[in-house]
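What follows is each chain in one-letter form.
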Amino acid sequence: MKVLLASRNAKKLGELRRILEAAGVAGVEVVGLADVPEFPEAPETDPTFEGNALAKARDAAAATGLPSVADDSGIAVDALNGMPGVLSARWSGKHGDDAANLELLLGQLRDVPDERRGAAFVCAAALVAPGGAQVVVRGEWRGEIVREPAGANGFGYDPIFRPEGCAGTSAELSPEDKDRLSHRGRALRLLLPHLRELAGG
Ligand SMILES: O=P(O)(O)OP(=O)(O)OP(=O)(O)OC[C@H]1O[C@@H](n2cnc3c(O)ncnc32)[C@H](O)[C@@H]1O
Ligand SMILES: [Mg+2]
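Read on for an overview of the structure. Owing to the predicted nature of the structure, the values given are computational and were not obtained by experimental measurement.

Helix and strand counts for the protein come out as five helices and six strands. Mapped in sequence order, the helices and strands of the protein form the string β-α-β-α-β-α-β-β-β-α-α. For the protein, whose C-alpha radius of gyration is 17 Å, the value lies close to the compact-globule estimate of 17 Å for 201 residues. Oriented by its inertia axes, the alpha-carbon framework of the protein measures out at about 50 × 30 × 25 Å.

As structure tokens, this is what we get:
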């Protein structure tokens, strides 16, 4: 059974693919949007990660006829009442400009003291079958926002997020360690039983 990973973010897609391939679900072949005919990206208008993840997976399944997995994710900062949240990819106004998004967030938190810099990465992962069956799960990863970017791995806000229990930022973790600890790793592992069921075993 082919499963489509419906993300237009190359770095995120790499993580999704790595996590699913490492899990090695029998009978599942992972494909990306580059492997299927193009279809337009719907705007992500839901106020929740779950709603957007389901919408992306539903669109992909409807357009391709393939069981589809989508992730809607972001960083929720305590001192900002959970923002940027679902707006994380376009916080600075420019969709997917990781450097601008991260610089804006750092500036907004300049006067927030160390003990109030808590945050969480959140990932909702949805699986939608062409027949309409759907499931959505959530993974979270607690940590805090540091004051200076550090590290070159990962993407997005990784250089300014220090996970709980880690000495450095998530951009300083190896890909394997990030997958083991991250919101995305947690969410996708919750999806595995549903993928196995869909694959018929
Ligand atoms: O919607 P798709 O096509 O999958 O790609 P996207 O980049 O627009 O993805 P989202 O709408 O889910 O927005 C997620 C944003 O949250 C941030 N983010 C999510 N997971 C992250 C991670 O593991 N590390 C760092 N930043 C992350 C990053 O800025 C992403 O662009
Ligand atoms: Mg998006």
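Note that the residue after M83, namely P84, is joined by a cis bond; omega there is 0 degrees. Following the sequence through the fold, P84 ends up in the loop between β3 (68-77) and α3 (98-108). A positive phi is found at N81, a non-glycine position, where the angle reads about 55 degrees. On the secondary structure map, N81 appears in the loop between β3 and α3.

Glancing now at the packing of aromatic side chains. Applying the stated criterion across every chain, the model contains three aromatic pairs. Consider the rings of F121 and F161, whose centres lie 4.5 Å apart with planes at 50 degrees: the pair is tilted. Remark: F161 occurs in strand β6 (residues 161-163) and F121 occurs in strand β4 (residues 118-128); sequence separation between them is 40 residues. The same class applies to F121 as to F161, namely buried.

Counting through the fold element by element, S170 comes out in the loop between β6 and α4 (175-181). A polar atom in the side chain of S170 sits 2.7 Å from the side chain of D158. Ignoring any residue separated from it by four or fewer positions in sequence, one finds S170 in contact with F121, W141, D158, F161 and P163.

With respect to the secondary-structure elements, E164 resides in the loop between β6 and α4. For the pair E164 and G118, spaced 46 residues apart in sequence, the C-alpha separation works out to 9.6 Å. Beyond its immediate sequence surroundings of up to four residues, E164 is in contact with R142 and G143.

This next bit is on the site of ligand 1. In the vicinity of ligand 1 there are 21 residues, among which S7, K12, E44, K56 and K178 approach most closely. One nitrogen or oxygen atom from the side chain of N9 is found 2.8 Å from an oxygen atom belonging to ligand 1. Residue R184 places a side-chain N or O atom 2.9 Å away from a nitrogen atom belonging to ligand 1. In the complex, the protein chains occlude 97% of the 610 Å² of accessible area that ligand 1 would expose alone. Where the shell around ligand 1 is concerned, the elements lending two or more residues are β3 and α5 (183-198). Ranked by residues supplied to the shell around ligand 1, first place goes to β3 with four residues. Split into classes, the residues belonging to the shell around ligand 1 amount to four nonpolar, eight polar and nine charged.

Rules behind the numbers
- Residues numbered from 1 in each chain as written.
- Chains lettered and ligands numbered in written order.
- Predicted model: local features only at pLDDT ≥ 70, side-chain atom pairs only at ≥ 80, totals over all residues.
- Heavy atoms only, no water.
- Helix = DSSP H or I, 4+ residues; strand = E, 2+ residues; numbered from the N terminus.
- Rg over C-alpha atoms; globule rule 2.2 N^0.38 Å.
- Phe/Tyr/Trp six-rings, centres within 6.5 Å; stacked < 30°, edge-to-face > 60°.
- Buried < 20%, exposed > 50% of the residue type's maximum accessible area, 1.4 Å probe, protein only.
- Polar contact = N/O pair within 3.5 Å; in protein donor to acceptor, adjacent residues only side chain to side chain.
- Contact = heavy atoms within 4.5 Å.
- Near = heavy atom within 4 Å.
- Areas by Shrake-Rupley, 256 points an atom, 1.4 Å probe, with all protein chains shown as cover.
- Nonpolar A, V, L, I, M, F, W, Y, C, P; charged D, E, K, R; others polar.

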